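# Architecture at a glance
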Amino acid sequence: MNKIAAFFDKFLNLKYLIIFNAIILVLKIAYSIYFNFPGLYFEDWSIAMNIANNGIYSEYINIGPTAYKLPIYPLYLSFWIKLFPDFSKEAIVISQHIIFFIIPFLIANVGRLLFNTKIGCLAGLFFIFSPGYFYYSNVIEATNLFIPLFLIWINFYLNIYLELKKNKGYFILFGVVTALLALTQVVVVPIILVGFLALLF
């Protein structure tokens, strides 16, 4: 039993997290190319197309501007549509694969801050080998920005809550990340408010 534990224990470090994550990233990009970028897209895509091509924040041009979708993800999509008009979907999906590459490290750091490095790496490895991690960044949907932004926010928050960071620049960056997060998914706003109250009291 000790030998089995020792065998798995040697994988619980940043080196193997990077190796496995890099392998999965290459496989994800290969999968997307092989299946001709199979992911679905939703209303964010229509809004982004109208931002890029018509300069209006709207899902339907004939109806006019819309306010029911928060702006960060449609603006993110419109950037790639403008930059690669003929291959925008492919550029978006590959960029999301690369963004997702950082998620296991963010999870690992949360685990390190709350517990220790091995638990953090274990959590990161569990995420790497989940089917959702492999496929979901093929889908053009706001969750692909929300998850990494939320994890970045948690990392900032824990460093402040645990009093590991106290400089003004860090607080300013935390404010910027909070604003971007709140403008990506409205469901996170109550969590942000509760977090701020915990900092105050």
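Criteria and cut-off values
- Residues numbered from 1 in each chain as written.
- Predicted model: local features only at pLDDT ≥ 70, side-chain atom pairs only at ≥ 80, totals over all residues.
- Heavy atoms only, no water.
- Axes fitted to C-alpha atoms, helices over the stretch in contact; angles between N-to-C directions.
- Helix = DSSP H or I, 4+ residues; strand = E, 2+ residues; numbered from the N terminus.
- Parallel < 35°, antiparallel > 145°, perpendicular 65-115°, else oblique.
- Left-handed = near helix turned anticlockwise from the far one by under 90°.
- Contact = heavy atoms within 4.5 Å.
- Nonpolar A, V, L, I, M, F, W, Y, C, P; charged D, E, K, R; others polar.
- Expected span 1.5 Å × (residues − 1).
- Buried < 20%, exposed > 50% of the residue type's maximum accessible area, 1.4 Å probe, protein only.
- Core = buried A, V, L, I, M, F, W, Y, C linked by side-chain atoms within 4.5 Å.
- Phe/Tyr/Trp six-rings, centres within 6.5 Å; stacked < 30°, edge-to-face > 60°.
- Lys NZ or Arg CZ within 6 Å of the ring centre and 35° of its normal.

### Structural notes on the packing of helix H2 (residues 14-34) against helix H5 (residues 88-101)
The interhelical angle for the contact between H2 and H5, taken along N-to-C directions, is 165°, at an axis separation of 10 Å. One element, H2, and the other, H5, form an angle in the roughly antiparallel class. Taken as a pair, H2 and H5 cross one another with a handedness that is right-handed. Packed against H2, whose contacting residues are Asn21, Ala22, Leu25, Lys28, Ile29 and Ser32, the element H5 presents Val93, His97, Ile98, Phe100 and Phe101 at the interface. Each residue belonging to the contact of H2 with H5 can be placed in one class, and the counts come to 7 nonpolar, 3 polar and 1 charged.

### Describing H5
Taking 1.5 Å as the rise per residue, H5 with 14 residues should run 20 Å; its terminal C-alpha atoms sit 20 Å apart, in good agreement. Of the positions making up H5, those classed as buried are Ser88, Ala91, Ile92, Val93, Ser95, Gln96, His97 and Phe100. Next to the buried residues of H5 lie H2, helix H3 (43-54), helix H4 (72-83), helix H6 (103-114), helix H8 (131-135) and helix H9 (143-161).

### Remarks on the nonpolar core
Nonpolar side chains in soluble globular proteins tend to end up buried together. Residues Tyr73, Tyr76, Leu77, Ile81, Ile92 and Ile140 are the most contacted members of the largest nonpolar core, which totals 16 residues. Counting residues per element, the ones that place at least two in this core are H3, H4 and H5. Per element, the largest residue contribution to this core is 6 residues, and it comes from H4. Not counting residues up to four positions away in its chain, the partners in contact with Ile140 are Leu40, Tyr41, Phe42, Trp45, Tyr73, Leu77, Lys89, Ile92, Val93 and Gln96.

### Some points on the packing of aromatic side chains
Applying the stated criterion across every chain yields a total of 25 aromatic pairs. Chaining the aromatic ring pairs together yields one cluster made of Phe146, Phe150, Trp153, Phe156, Tyr157, Tyr161, Tyr170, Phe174 and Phe196. Looking at Lys28, its charged tip hangs above the ring of Tyr133, at a distance of 4.1 Å from the centre.

### Things to note about the packing of H3 against H4
Relative orientation of the contacting elements H3 and H4 amounts to 55°, with a least axis distance of 8 Å. Between H3 and H4, the angle falls in the class oblique. Handedness of the crossing formed by H3 with H4: right-handed. When H3 is examined against H4, the residues Asp44, Trp45, Ile47, Ala48, Met49, Ile51 and Ala52 are found in contact with a partner set consisting of Tyr73, Pro74, Leu75, Leu77, Ser78, Ile81 and Lys82. Tallied by class, residues from the contact of H3 with H4 come to 11 nonpolar, 1 polar and 2 charged.

### Some remarks on unusual backbone geometry
Even without a glycine there, the phi angle at Phe37 is positive, about 55°. When you line up the elements, Phe37 lands in the loop between H2 and H3. Phi is positive for Glu163, close to 60°, though the residue is something other than glycine. By the element assignment, Glu163 lies in the loop between H9 and helix H10 (168-182).

### Focus: H6
Given a rise of 1.5 Å per residue, 12 residues ought to cover 16 Å, and the 17 Å separating the end C-alpha atoms of H6 matches this to within 8%. Looking at H6, one finds that the buried residues are Ile103, Pro104, Leu106, Ile107, Ala108, Val110, Gly111 and Leu113. Where H6 is buried, its residues touch H2, H5, helix H7 (117-128), H8 and H9.

### Comments concerning the environment of Asn54
Turning to its location among the elements, Asn54 is positioned in helix H3. When the C-alpha atoms of Asn54 and Phe174 are compared, they prove to be 33 Å apart, with 120 residues separating the residues in sequence. Once you skip the residues sitting within four places of it in the chain, Asn54 turns out to touch Met49 and Ile61.

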